[in-house]
Amino acid sequence: MSKDKSKAKSGAGLRVTMTRSRHGQLRNIAASVAGLGLRRIGQSVLVADTPENRGMINAASHMLKVESA
């Protein structure tokens, strides 16, 4: 088992950065951001480019910055 905590393989993932706070957002938007593994403003995570992750990103697109990894 790999010790790498990112679920994305090189070239097949997305780097997602939270740019705004979850406070004051709807519950489903805050849950989507938490589901992506984001906790703080400015934090970045690598996630796999799957339809499930794309849906969570689209729900909170106004508070996330997305780049291909």
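Placed above this text is the structure.
Just so we're clear, the structure is a prediction, and the values are computed from it rather than from any experiment. For every chain, the first residue of its written sequence is number 1, and the numbers climb from 1 along that sequence. For this predicted model, a pLDDT threshold of at least 70 governs which residues receive local features, and a threshold of 80 or more governs which side-chain atom pairs are given and counted, while totals over whole chains, interfaces and linings are taken from all residues. Hydrogens and water molecules were not included; the side-chain quantities draw on all heavy atoms of the structure.

### Some points on the pattern of salt bridges
Take a side-chain nitrogen of Lys or Arg and a carboxyl oxygen of Asp or Glu: if they are within 4 Å of each other, that pair is a salt bridge. Under the criterion given, the structure shown has 2 salt bridges. Taking the shortest distance from any N to any O, the salt bridge between aspartate 49 and arginine 54 comes out at 2.8 Å. Relative accessibility decides the category of a residue: with a 1.4 Å probe and only protein chains considered, values under 20% of the type maximum give buried, values over 50% give exposed, and everything between is partly exposed. By relative accessible area, which is 40% here, aspartate 49 ends up partly exposed. For arginine 54, a relative accessible area of 37% translates into the label partly exposed. Linking lysine 65 and glutamate 67 is a salt bridge whose minimum nitrogen-to-oxygen distance equals 3.6 Å.

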